Amino acid sequence: MHIFQKDPTVTRTWRNAFGATFQYKGLFNTRELYTADTVALEHIVKNNFIYQKRVVVMSSNNRLAGEGLLGVEGEAHKRQRRIMNPAFGTAQIRGLMEAFLEKSVELRDVWTQKIGDESKSTRIDVLDWLSKMTLDVIGQAGFDYQFDSLNPEGKPNEVHETFNKMFHAPNTASQSALRANLHSIPAPFRRLISIPARKTFDDARKKLFVLGNQMLVDGKAAINAAGGPKAVSGRRDLFSLILRANMSPEVPEDHRMSDNEVIGQIPTFFVAGHATTSSAISWALYELAINPLVQIKLREELFTLQSDTPTLEELNSLPYLDSFIRENLRVHAPVSHVTRIAVADDVIPLGTPCLDTHGQKLTSLLIKKGQMVRIPIVDVNTDRTLWGEDALKFKPERWEQLPKAVDAIPSVWGNMLTFLAGPHNCIGFRFSLAEQKALLFVLLRAFVFERAVADGEIRRTGNGLHSPFVYSEREKGSQMPLMVKAFQA
Ligand code: HEM
């Protein structure tokens, strides 16, 4: 087992021992540059034409998501972003609140039924249900499609089952580590290695593309029937918005996405927007379970809203909810790190000098083409030199007054690296924040959450996705069991 899977926090230990910038040997002896230096990180994320997603990460994204936003770099990425950005703006997300609340209420009703007797506390794997809920949300808000995976009577959904196999199986961590490092095996040998879960990926891709193709045909027909891309249409899902933007007569032909690129966005939303949000909320409920006073304070604030169907503005007006969500995404960033490869020689400036192997002080780093770089999202989010001595502590109140040092963290939202920064920042961050607020609003007003397993049993995987599992039940793969009971005022 690789050290990152054995101990997902090992890079933080090294950072504290060796400083913000150092090199180590990863799987297959690959030399990887680690930097938590905010000046260096700013340079790396901004220069996305030099620091690109690794070939193998790209090809495994492409394997699943075709030519969607996650799998493209350079000019194609710029072109896609230009068309897609408006669909993820605040006004558009406001229009999706109804879907977020509706699915949160469906989840609440499923749990209420599972608990049965109001005075009873029931063990529920909240991650499993949240993952069904976020899939249903991506279906409905993403492309007006009903997966119906929250329906307890519904038959198992094929797409959901496929995702479970890929992201939550017990061997997921080792498989993804191997896939991500295949590039470092010399080419003649690489062919001899069977890519882990290749068949699962290929099957998923086929299913998603059949679905995507049908959506493209139906979507175009609906837009044309309504009088063209400029006509007012009832559909507010992301896919319809993107399709309309792409068909707009104002967009020059060479700035448009091809049909394959448009279809590629569907699996992209699945991959990027489904397991991330469910992981975030399962950690949020865990923090509430182990911090009962935080739970009480947050619930009290949520009850100050008079409506059962609050608007995005009403939810955004709740300061403790906002601080709680920020703190959770800081400590439990669902994507714990990302990696890049330098596709050209470069010089990276450093905010804090580091030492080379001869003990010489370096104020910048000479980078050779092919150098691997790790962007340690969670480590930066919990760096003591930036956040203070209590950086690892879960403390929503810290957001009332942040240390000045965190202003230096490159960020698209909330002084943290959780949604990355630079041109590849997370396009869906507003979508996810609104969905998370809707979920907490509905769930916390209905239930009380308590610990289900002993202290120290809940751990996180080291595969880049910050998925929880129970140490003594690790053969079961990702899960987040909690005791859930009805809240009685
Ligand atoms: C808590 C939830 C989420 C987190 C923590 C998260 C985090 C991230 C991160 C770290 C990246 C950068 C990946 C890289 O460049 O290597 C990213 C990119 C992306 N995310 Fe998210 N994400 C979340 C939710 C969503 C949602 C809900 C959607 C869509 C509905 C989404 C869509 C995307 C897309 C399409 C990209 C690629 C952007 C680009 O390269 O231009 N994400 N996300």
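Residues numbered from 1 in each chain as written. Predicted model: local features only at pLDDT ≥ 70, side-chain atom pairs only at ≥ 80, totals over all residues. Heavy atoms only, no water.

To be explicit about the condition: UniProt positions are given in the numbering used here, feature names are shortened, and annotations may be inferred rather than shown by experiment.
The name an unreviewed UniProt entry gives the chain is Cytochrome P450, with Mycena venus as the organism. UniProt, in the comment section headed Cofactor (unreviewed entry), describes the chain in these words: "heme". Per UniProt, the chain carries the Pathway (unreviewed entry) text "Secondary metabolite biosynthesis; terpenoid biosynthesis."

## Comments concerning the sheet that holds strand β5 (residues 338-342)
Either a parallel or an antiparallel arrangement is found when strands of a sheet pair, and the pairing is made through backbone hydrogen bonds. Keep this limit in mind: Strands are labelled as partners when DSSP assigns at least two bridges between them. What counts as a helix is a DSSP run of H or I of at least four residues, what counts as a strand is a run of E of at least two, and both are numbered from the N terminus. Whether two residues are in contact is decided by their heavy atoms: any pair within 4.5 Å suffices. Note on geometry: axes are C-alpha line fits, over the in-contact stretch for helices, and angles between N-to-C directions span 0 to 180 degrees.
Pairing is mixed in the open sheet, where five strands are placed in the order β1-β2-β8-β5-β3. Edge positions in the sheet fall to β1 (21-25) and β3 (51-52), since each has one partner strand and no second. Relative to strand β8 (residues 372-375), β5 runs antiparallel, the two being bridged by four bridges. Across the sheet, the residue bridging to T339 is R374, located in β8. Packed onto the sheet, helix α2 (residues 10-18) meets β1, β2 (31-35) and β8 and runs at close to 130 degrees relative to β1. Against the sheet, helix α3 (residues 38-46) makes contact with β2, β3 and β8, and its axis sits at roughly 115 degrees relative to β8, the strand it touches most.

## A short note on the sheet that holds strand β4 (residues 121-125)
Across the sheet, three strands lie side by side as β4-β12-β9; this open sheet has antiparallel pairing. A single partner strand is all that each edge strand has here, and the edge strands are β4 and β9 (447-451). Sheet twist, expressed as the average angle between the axes of neighbouring strands with direction ignored, equals 40 degrees. Direction of pairing for β9 relative to strand β12 (residues 481-486): antiparallel, over a ladder of five bridges. Residue pairing in the sheet places E450 in a bridge with M483 of β12.

## A word on unusual backbone geometry
Selection criterion: Relative accessibility decides the category of a residue: with a 1.4 Å probe and only protein chains considered, values under 20% of the type maximum give buried, values over 50% give exposed, and everything between is partly exposed.
Phi is positive for D148, which is not a glycine, with a value near 60 degrees. Among the structural elements, D148 can be located in the loop between α8 (126-143) and α9 (158-168). A positive phi angle, near 60 degrees, is found at L420, a position not held by glycine. In this fold, L420 is placed in the loop between α20 (384-387) and α21 (429-446). What makes L420 buried here is its relative accessible area of 9%.

## Here we look at the coordination of the iron atom of the ligand
Convention followed: In this analysis a donor is any N, O or S atom within 2.8 Å of a metal ion (3.2 Å for sodium, potassium and calcium), and since water is not included, sites may seem incomplete.
Coordination of the iron atom of the ligand by the protein comes from a single atom, C426 (SG), at 2.3 Å. Mapped onto the elements, C426 comes out in the loop between α20 and α21.

## A look at the packing of aromatic side chains
Quick reminder of the rule: Between rings of Phe, Tyr and Trp, where Trp is taken as its six-membered ring, a pair exists when centres lie within 6.5 Å; planes separated by under 30 degrees are stacked, by over 60 edge-to-face, and by other angles tilted. Cation placement over rings: the criterion is NZ of Lys or CZ of Arg within 6 Å of the ring centroid and within 35° of the ring normal.
Here the structure, examined in full by the defined rule, presents 19 aromatic pairs. Put simply, the rings of W14, F18, F22, Y24 and Y34 pair up and form one aromatic cluster. Over the ring of W129 we find K132; its NZ or CZ atom is 4.2 Å from the centre of that ring. The cationic tip of R330 hangs over the ring face of W387; the distance from NZ or CZ to the ring centre is 5.0 Å.

## A look at the packing of helix α16 (residues 292-302) against α21
Note the cut-off: These descriptions rest on fixed angle ranges, namely under 35 degrees for roughly parallel, over 145 for roughly antiparallel, 65 to 115 for roughly perpendicular, and the rest for oblique. Residue polarity follows a fixed list, in which Ala, Val, Leu, Ile, Met, Phe, Trp, Tyr, Cys and Pro are nonpolar, Asp, Glu, Lys and Arg are charged, and the others, Gly among them, are polar.
At their nearest, the axes of α16 and α21 sit 9 Å apart, and the two run at 110 degrees to each other. Considered as vectors, α16 and α21 are oriented roughly perpendicular to each other. Here α16 contributes Q295, L298, R299 and L302 to the contact with α21, which in turn contributes L440, F441, L444 and R445. Among the residues forming the contact of α16 with α21, the class breakdown is five nonpolar, one polar and two charged.

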